[in-house]
Each structure stands twice: as C-alpha cells, then as structure tokens.
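Structure assessment
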Amino acid sequence: EKVFLNGTIYSSNDAHISVFDRGFLFGDGIYEVMVQLGNGIFYKKAHLDRLQENLDKINIPYDVSHLEAQINPLLDSYNLGDKTCLIYMQVTRGVAPRKHAYPKDVPATVMMYALPFSLPHINTKNMQVILQPDFRWHRCDIKSISLLGNIMTNEAAMTQNADEAVLVRDGIITEGSHTNIFFIKDEKVYTHPANEHILDGITRKIVLELCRDLEITVMEKAIPADKISSMDEAFLTGTTTQIASISKLGEHVFHTSGAIGPITLKLQEAFAKLKGLDSST
Ligand code: PMP
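Quick summary incoming for the structure in this document. (Residues numbered from 1 in each chain as written. Predicted model: local features only at pLDDT ≥ 70, side-chain atom pairs only at ≥ 80, totals over all residues. Heavy atoms only, no water.)

**A few points about the pairing of strand β5 (residues 85-92)**
Selection rule: Exposure classes here rest on a 1.4 Å probe applied to the protein chains alone. A residue is buried below 20% of its type maximum, exposed above 50%, and partly exposed in between. Numbering of helices and strands runs from the N terminus, with a helix taken as a DSSP run of H or I at least four residues long and a strand as a DSSP run of E at least two residues long. A pair of strands is treated as paired once DSSP finds two or more bridges between them.
With eight of eight residues buried, β5 is to be regarded as a mostly interior element. Side-chain alternation along β5 places Cys 85, Ile 87, Met 89 and Val 91 on one buried face and Leu 86, Tyr 88, Gln 90 and Thr 92 on a second face that is also buried. Summarising the sheet, β5 and strand β6 (residues 109-116) pair through eight bridges and their orientation is antiparallel. Each residue of the ladder has a partner; that of Gln 90, found in β6, is Met 111.

**Regarding the side chain of Ser 280**
Here is the rule: Residues adjacent in sequence count toward polar contacts only when both atoms are side-chain atoms; beyond that, a polar contact is any pair of N or O atoms within 3.5 Å, and within protein one must be able to donate a hydrogen and the other to accept it. Every residue pair with non-hydrogen atoms within 4.5 Å of one another is taken to be in contact.
Mapped onto the elements, Ser 280 comes out in the segment after α6 (262-275). In this structure the side chain of Ser 280 is engaged in a polar contact, spanning 2.7 Å, whose partner is the side chain of Asp 278. When sequence neighbours within four positions are dropped, the list of residues in contact with Ser 280 reads Gly 40, Ile 41, Tyr 43, Lys 44 and Lys 45.

**A few points about the environment of Glu 187**
Of note, Glu 187 is situated in the loop between β10 (180-185) and β11 (188-191). You can call Glu 187 exposed: its relative accessible area is 61%. Glu 187 sits 48 residues away from Arg 139 along the chain, and the two C-alpha atoms are 31 Å apart. The residues contacting Glu 187, other than those within four sequence positions of it, are Ile 216, Thr 217, Asp 232 and Ile 263.

**Digging into the layout of surface pockets**
We apply this condition: In this analysis, the protein atoms alone were mapped onto a 1 Å grid. Cavities are point sets where a 1.4 Å probe fits without being able to get out; pockets are open sets with protein on both sides within 12 Å along at least five of seven lines; lining residues have an atom within 4 Å of a point. Grid points are joined across faces, edges and corners, and a volume is the space filled by probe spheres set on the points. Residue type decides the class: Asp, Glu, Lys and Arg count as charged, Ala, Val, Leu, Ile, Met, Phe, Trp, Tyr, Cys and Pro as nonpolar, and the leftover types, Gly among them, as polar.
Empty space within the largest pocket amounts to approximately 1000 Å³. Lining the largest pocket are 44 residues, and of these Tyr 31, Lys 143, Ser 144, Leu 147 and Asn 150 sit closest to its centre. Those elements giving two or more residues to the lining of the largest pocket turn out to be α1 (22-26), β3 (29-37), β5, α4 (148-159), β9 (172-176), α5 (202-213) and β13 (233-238). Considering each element in turn, the lining of the largest pocket owes the most residues, five residues, to α4. Taken together, the residues that form the lining of the largest pocket break down as 16 nonpolar, 20 polar and eight charged.

**Re the packing of aromatic side chains**
For any pair of aromatic rings, the description consists of the separation of the ring centres together with the inter-plane angle of the planes. Rules: For this analysis, a ring pair means two rings from Phe, Tyr or Trp (six-membered ring only for Trp) whose centres lie within 6.5 Å, classed as stacked if their planes differ by under 30 degrees, edge-to-face if by over 60, and tilted for the remaining angles.
Inspection of every chain in the model, using the stated rule, returns five aromatic pairs. Each ring, one from Tyr 31 and one from Tyr 88, has its centre 5.9 Å from the other, and the planes form 20°; the classification is stacked. With a gap of 57 residues between them, Tyr 31 in strand β3 and Tyr 88 in strand β5 connect regions that are remote in the sequence. Here Tyr 31 and Tyr 88 have matching classes, each one buried. Between the aromatic rings of Phe 182 and Phe 235, the centroid separation amounts to 4.9 Å while the plane-to-plane angle is 10°, which identifies the pairing as stacked. Of the two residues, Phe 182 sits in strand β10 while Phe 235 sits in strand β13, which places them 53 residues apart along the sequence. The exposure classification of Phe 182 matches that of Phe 235, with both residues buried. Taken together, the ring pairs connect Tyr 31, Tyr 88 and Tyr 113 into an aromatic cluster.

Structural measurements only, silent on function.
Below is the structure:
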C-alpha cells in the first residue's frame, strides 16, 4: 500500500510522521475525500477548491495545486487498472513544539492515499437514522480533521444498529455525522443553509443544482426536529453515500417497506446520470 507524504510516495510502512505534528497533537488540519470514477475524479475541482478554502480559513499556508499534481503519480503507483477508487487527502499545520499559537515558517504536513472503492449506480439502501444532540462547535463549516463530535454521534448510531446519526442543535436539524440531510414536503425540497453549523457538502451542492435543473423548488431552510413527522420524504447526501433515502428518522417512519419516495428517486436517477459525464474540471 502506497502513501504520498510530503513530496514522496512511500510504502505505507515506511511513511512516518513526527509525534510533534500538530495534526497528531491538536487535530490542527484539514482533510478532503473524493472518488475517481471511470472517466475521472468526480467533481475534482469542487473538492480541491474546498480543500484550499478550508486551509485558507485556518491560515495553513499551502497551495493545493502542488497536491493536485501528485494525484496521478500516486494513482499510477497503485496499478488500479480501470478500478475506481477513493482518494483521501490531509494537510496539517506541520511539526513544531507543542504551543497553541500557530508556529511561524513551518511547512505543512501533506498526506494522501487511495483505496479501491466502487460506488453503486444508485444507493438503494434505505437508511435507519437516529437523532443525536449536535454538541459540536460553531465552526462545522471547517472540514477539520478533529472529528470527535462526528465520530461520537456516529458510534451512537452504530451501537443502536442504525446507519447514521442526524444532529439536532437548539431544536433544529443540522446534518448527519458524515452526511448532509434533505427533506421533502409538498414537492418542495429543504436543506439547512450553508452556514457555520454544517459542512457545505459537494454532494449537497450537486443536489441543489439538480433540483434547479429539474425545476424542483428547493429552499435552504432548516427543519425543526418537531416537524419531522410532517415531512413526506428525507434523504442523506455525501461523497460515498451519494443520495440515500431515509426510511426511519428518530421515531418517525417514512417508509415501512423498501419504498423510496418519488422525488428522492428522481434525484437519485439524475445524480447517477451525472456520474456518466466527465465532471472533473
Ligand atoms: N457533513 C459532514 C459533517 C461530513 O463529514 C460530510 C462528508 N465529508 C458531508 C456533510 C458531506 O459532504 P460531501 O458531500 O462533500 O462528501
């Protein structure tokens, strides 16, 4: 298994990071996940732009174009043939004596690896989702590698045999532990606005565009948890989740059978078509 680290492609056993790396000590870094399909990396530019924007938000001085140039050499080293893969990238503030303040003139630690990974044409899973309090911080817009709030709530879902945890802050549904959430009511689509309480998912943005293309009314308006039972459909979005129908959210059952709501299905089909197009630029 090969890993790209600070300019070199290593066998993963030979890739080493200092214990004084600020990613290790403070979770001081940004990550990104994207998928390579048969015709290129799906929404590559959107993912790389988001990585750069997030690094800029926390003043890690790193130019993502350097990492972009290493993607193909890394993928070539895997001999994947025409297999599709998932690409993980992480940039931390680098190695420095442990002090909270940002160190000066320290190069970022840059790491990337890929894994064979295939996306189903449509995600036919119908998700069982629990509700959890959103006890994360107020900068959920930052794609931070510090993910304790996300992993703790996801773990609660796993221990309850659910597929995902959806988070509630001050009575309002924000997002999932690693997904965004959408609702449908009277043929209108709703999702939380892209502010500091959610991560602005690339898949979320794609779904907003698809709604506009399909002339489905879409509103970036958050849904209170006590209105879930009045919604007609709900779905999750994410790079690896794609668009996944929700069958149960908290106590509310949307579909008892394997049924998928009509608007969710329409969006799933439109999303599947996009994957056939080259979206990498
Ligand atoms: N919200 C959170 C908290 C996430 O971790 C993710 C996945 N990284 C998403 C939403 C979905 O984002 P994307 O569609 O870009 O994968």
